[in-house]
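Structural overview
Below are the chains, spelled out letter by letter.
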Amino acid sequence: MTRPEGAEAHHRALESLYAAAPINRLFASMLEIPEPGVARISFEIVPDHFHAAGAAHGTSYFKMLDDAAFYACNSLITDRFLLTTQFNLVLTRPLAAGPVIAEGRWISGQRRVFVGDARLIAADGEEVARGTGTFMRSRIALASLPGYRIA
């Protein structure tokens, strides 16, 4: 098996970074970066994510939309970790227990500020939420983060 190089190696290292984040112990999920500027997160909504009325709390929507848009944008730069500076959400439907996909994509920006959007797709194939975020290049070197490993 050949070792990934270039963009592919960076994408695998970002997937490893995502998996190592402590928050993902609360939101079991898996990140896939199939190409530059695109990210997909597969996760499962479970009753532990519900608010008092029996559907997913907004934190679940925000976390997955933000992560998908963020990683789509961070897939384009190999030196620095991005930071979310702003994020807008549109929640269109309650999210019940079951599998969900967050699809993120880079929209614009290539130097200091990036814009990305994402959508949540429920198991029935319907979009249940959408978000757009602004992400700024930080001073944090990706190579300094314990989960970021170039294989």
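Structure report, in brief. Keep in mind that this is a model prediction, so the values were computed, not measured.

1. So, the packing of helix H1 (residues 6–20) against helix H2 (residues 58–74)
Where H1 meets H2, the axes come as close as 11 Å, and the angle between the chain directions of the two elements is 155 degrees. If you check the angle between H1 and H2, you find them roughly antiparallel. H1 and H2 meet at a crossing whose hand is right-handed. For the pair formed by H1 and H2, the contact residues are His10, Leu14, Leu17 and Tyr18 on the first element and Lys63, Met64, Asp67, Tyr71 and Asn74 on the second. Class assignment for the residues of the contact of H1 with H2 results in five nonpolar, two polar and two charged.

2. Side note on the sheet that holds strand E5 (residues 113–122)
Ordered by their spatial adjacency, six strands build an open sheet running E1-E2-E4-E5-E6-E3, and the pairing between neighbours is antiparallel. This sheet does not close on itself; its edge strands, each paired only once, are strand E1 (29–35) and strand E3 (80–91). On average, adjacent strands in this sheet sit at an angle of 25 degrees to one another, irrespective of strand direction. Relative to strand E6 (residues 127–141), E3 runs antiparallel, the two being bridged by 10 bridges. Across the sheet, valine 90 pairs through a bridge with arginine 130, a residue of E6.

3. Points about the layout of surface pockets
Space inside the largest pocket adds up to approximately 200 Å³. Forming the boundary of the largest pocket are 15 residues, of which Asp66, Asp67, Phe70, Tyr71 and Phe81 lie nearest the centre. Counting only elements with at least two residues in the lining of the largest pocket, the list comes to H1, H2 and E3. Along the lines of polarity and charge, the residues of the lining of the largest pocket split into 10 nonpolar, two polar and three charged.

4. Some words on a nonpolar patch on the surface
Residues Phe62, Leu89 and Leu91 make up a contiguous nonpolar surface patch of about 240 Å² in total accessible area. Its place among the elements puts leucine 91 in strand E3.

5. Some points on the packing of aromatic side chains
Applying the stated rule across the entire model yields six aromatic pairs. Look at phenylalanine 62 and phenylalanine 87: their rings are 5.6 Å apart centre to centre, the planes differ by 85 degrees, and that puts the pair in the edge-to-face class. Taken as a pair, phenylalanine 62 in helix H2 and phenylalanine 87 in strand E3 lie far apart in primary sequence, 25 residues in all. Judged by its relative accessible area of 15%, phenylalanine 87 is buried. Between phenylalanine 70 and tyrosine 71 the ring centres are 4.7 Å apart and the planes differ by 80 degrees, which places this aromatic pair in the edge-to-face class. Here the two residues phenylalanine 70 and tyrosine 71 agree in accessibility, since each one is buried.

6. Observations concerning the nonpolar core
With 37 residues, the main nonpolar core has Ile41, Phe43, Met64, Tyr71, Leu95, Leu120 and Phe135 as its most contacted residues. Put simply, the parts of the chain that give this core at least two residues each are H1, E1, strand E2 (38–45), H2, E3, strand E4 (98–108), E5 and E6.

7. Some thoughts on the pattern of salt bridges
Across all of its chains, the model carries nine salt bridges by this definition. A salt bridge links glutamate 8 to arginine 12, with the shortest nitrogen-to-oxygen separation between them at 3.8 Å. Here arginine 12 and glutamate 8 lie together in helix H1, a separation of four residues that amounts to about one turn. According to the relative accessible area criterion, glutamate 8 is partly exposed, its value standing at 45%. A relative accessible area of 29% means that arginine 12 is categorised as partly exposed. When the shortest N-O distance is used, the salt bridge between aspartate 67 and lysine 63 registers 2.2 Å.

What counts, and where the lines are drawn
Residues numbered from 1 in each chain as written. Predicted model: local features only at pLDDT ≥ 70, side-chain atom pairs only at ≥ 80, totals over all residues. Heavy atoms only, no water. Axes fitted to C-alpha atoms, helices over the stretch in contact; angles between N-to-C directions. Helix = DSSP H or I, 4+ residues; strand = E, 2+ residues; numbered from the N terminus. Parallel < 35°, antiparallel > 145°, perpendicular 65-115°, else oblique. Left-handed = near helix turned anticlockwise from the far one by under 90°. Contact = heavy atoms within 4.5 Å. Nonpolar A, V, L, I, M, F, W, Y, C, P; charged D, E, K, R; others polar. Pairing = 2+ DSSP bridges. 1 Å grid on protein atoms, 1.4 Å probe; cavity = no way out; pocket = protein on both sides within 12 Å on 5 of 7 lines; lining within 4 Å. Points joined across faces, edges and corners; volume = space filled by probe spheres on them. Patch = residues over 30% accessible without salt bridge, like charges linked within 9 Å, V, L, I, M, F, W, Y side chains within 5 Å. Areas by Shrake-Rupley, 256 points an atom, 1.4 Å probe, with all protein chains shown as cover. Salt bridge = Lys/Arg side-chain N within 4 Å of Asp/Glu carboxyl O. Phe/Tyr/Trp six-rings, centres within 6.5 Å; stacked < 30°, edge-to-face > 60°. Buried < 20%, exposed > 50% of the residue type's maximum accessible area, 1.4 Å probe, protein only. Core = buried A, V, L, I, M, F, W, Y, C linked by side-chain atoms within 4.5 Å.

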